[in-house]
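Architecture at a glance
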Amino acid sequence: MTDAQKIRDAVSRSSGRFLGHLEQACAIPSVGTEGQGIEMIAWLENRLVELGATVSRLSVPGSPVAILGEFAGTDPGRTLMIYDHYDVQPVDPLNLWLSPPFEPTIRDGKLFARGAADNKGDLVARLCALEVFRELNGELPFTVKFLIEGEEEAGSVYFERICQAFAEQLKADDCVWEGGWMDLDGRPEMYYGCKGLLYVELRCRAISGDQHSSIAVYAPSAPWRLLRAINSFTDDDGNVVIDGFHDKIVPPGPRESELIERIPFNEQAMLKRLGIAEFNRGLTGPALTHALLYSPTANIDGFETGYTVPGGQKTVLPAEAMAKVDFRLVPDQDGTEIAGLVRKHLKDRGFGDIEVSVLSHENPSRSPLDSTLGRAAEAAAAEWFKDRVTIYPYMWATGPMFPIAQGLGIPICSPPGVGRPDSNLHAPNEHVHVADFYDIIGYTVAYLEEYGRTEPS
Ligand SMILES: [Zn+2]
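Residues numbered from 1 in each chain as written. Predicted model: local features only at pLDDT ≥ 70, side-chain atom pairs only at ≥ 80, totals over all residues.

What the protein contains, in helices and strands, is 13 helices and 19 strands. Taken over C-alpha atoms, the radius of gyration comes to 24 Å for the protein, in line with the 23 Å a tight globule of 457 residues would show. Taking the principal axes of the C-alpha coordinates as reference, the protein spans close to 80 × 50 × 45 Å. Across the 457 residues in the protein, those meeting the buried criterion constitute 43%. Taking the intrachain contacts of the protein between residues at least 6 apart in sequence as the baseline, contacts between residues at least 24 apart amount to 82%. (Helix = DSSP H or I, 4+ residues; strand = E, 2+ residues; numbered from the N terminus. Rg over C-alpha atoms; globule rule 2.2 N^0.38 Å. Buried ≥ 20, exposed ≤ 12 C-beta atoms within 10 Å, placed from the backbone. Contact = placed C-beta atoms within 7 Å.)

In structure tokens:
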């Protein structure tokens, strides 16, 4: 058994080189939605091969390449999968970056670059951890499979098909997910699942072309019609009232309820950050954290119609209106079924003419709270971090966990990772604290060791 100090010393001996790896990875543009990624695939393949992995490229027709890097362990009966993604979000608006997004720059102990937190920081930290693990322990006692996806930021459209097509190669006992993070006070957080997402575009066409607004007296209005249709999705408190929408929701079990009670949520700081006096429906305390995890939502992302030049005016009766709406889903709601319920709801209320296009959906996912990996990651976190780790039965955001956790039946746990809530994920000036990067390399070594010692569930 290696103690924490030995791990910290080993990380610190190679710290310059490890940071160099992260800088290299962050210097490679890999905005998946802009067709970038090839250079990043090559870099990762090289890195994996250098570390001794067998590497294959996984894809299905039309999909970006996912990389599978396999490190054989001495016990062929145990396999740990590690999921990360190499694609990053677009960099716009570029003028708000204080240093160019693909020129990693260190300021105030933070490394700024697109992808530094989401998700190259965790990915590189885990590759470094594997190196440290072997330096301190020799051979891996279990097989490690790195599965590195290339379209996470684009909604993982092909990911489920890739998982199905390569199910045999992807067999594993547990899966380390992309990365939990540290909260604003630096307390580590981990997750066992995630909410799902259904993203739809709604379109209403009421008349053949835009008209003088005076004829609004006798001609129908597309914007009003679409507003009324969307308004019917929720009650005045924002609760979704689509028929059947709540039928498959599984309420939290006793252990989940206990964990929810223990989730620290700095309400005052959040109210201040949002510039509001109180949360919706007067939510506070455990009811607030319960709602955060267990309440689905219908959210209007955007609405487009007619004349919208700020300060200008033009009287028009728009022919068409379009809205983007996302539904955050909770276990065991199913995105495809919910899309059907949305269509039925509109039809039943006389809005059958409104076109509903599903742009993407990811099902919610949950994993057992007592998986081998979960027990190992929690035990290692209790030793490693000075603050108690906050455990979320699942996270309030969405990721493509469903194809792994439910599709392949591999329990997922997302241990603390390099990001923080103010790491500017998806925004200009994305960054990680360099100290967090080193800390997470060390913690990863600690839970890999613990995983090797933990009796399988
Ligand atoms: Zn992201």
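Taken in spatial order, the six strands of this open sheet run β1-β2-β6-β3-β7-β18, and their pairing is mixed. Pairing within the sheet leaves two strands with one partner each, and these edge strands are β1 (54-58) and β18 (412-413). Judged from the three bridges that link them, strand β3 (residues 75-85) and strand β7 (residues 174-176) form a sheet pairing that is parallel. Bridge pairing in β7 links L80 to D174. (Pairing = 2+ DSSP bridges.)

As a further point, take unusual backbone geometry. Looking along the chain, the bond that leaves D92 and enters P93 is cis, with omega of -5°. Residue D118 is joined to N119 through a cis peptide bond whose omega torsion reads 10°. Note that N119 resides in helix α4 (residues 116-137). If you check the backbone angles, D108 has positive phi at about 50° while not being a glycine. Turning to its location among the elements, D108 is positioned in the loop between β4 (105-107) and β5 (110-112). A count of 8 C-beta atoms within 10 Å places D108 in the exposed class. At S156, a residue that is not glycine, the phi angle is positive and equals roughly 50°. Position of S156 relative to the elements: it lies in the loop between β6 (142-149) and α5 (159-165).

The next point concerns the domain arrangement of the protein. Domain annotation for the protein reports domain 1 (4-192 + 367-453) and domain 2 (196-249 + 296-362). The straight-line distance from the C-alpha centre of domain 1 to that of domain 2 is 37 Å. Residue-level contacts link six residues of domain 1 with four residues of domain 2. Here the side of domain 1 that touches domain 2 is composed, by residue class, of three nonpolar, three polar and no charged. (Domains from an automatic or database assignment. Nonpolar A, V, L, I, M, F, W, Y, C, P; charged D, E, K, R; others polar.)

What describes two packed helices is the angle between their axes and the distance between those same axes. Running from amino to carboxyl end, helix α1 (residues 4-13) crosses α4 at an angle of 120°, the nearest separation of the two axes being 10 Å. It follows from the interaxial angle that α1 and α4 lie oblique. Along this stretch, α1 crosses α4, giving a crossing that reads as right-handed. For the pair formed by α1 and α4, the contact residues are K6, I7, A10 and V11 on the first element and V132, E135 and L136 on the second. (Axes fitted to C-alpha atoms, helices over the stretch in contact; angles between N-to-C directions. Parallel < 35°, antiparallel > 145°, perpendicular 65-115°, else oblique. Left-handed = near helix turned anticlockwise from the far one by under 90°.)

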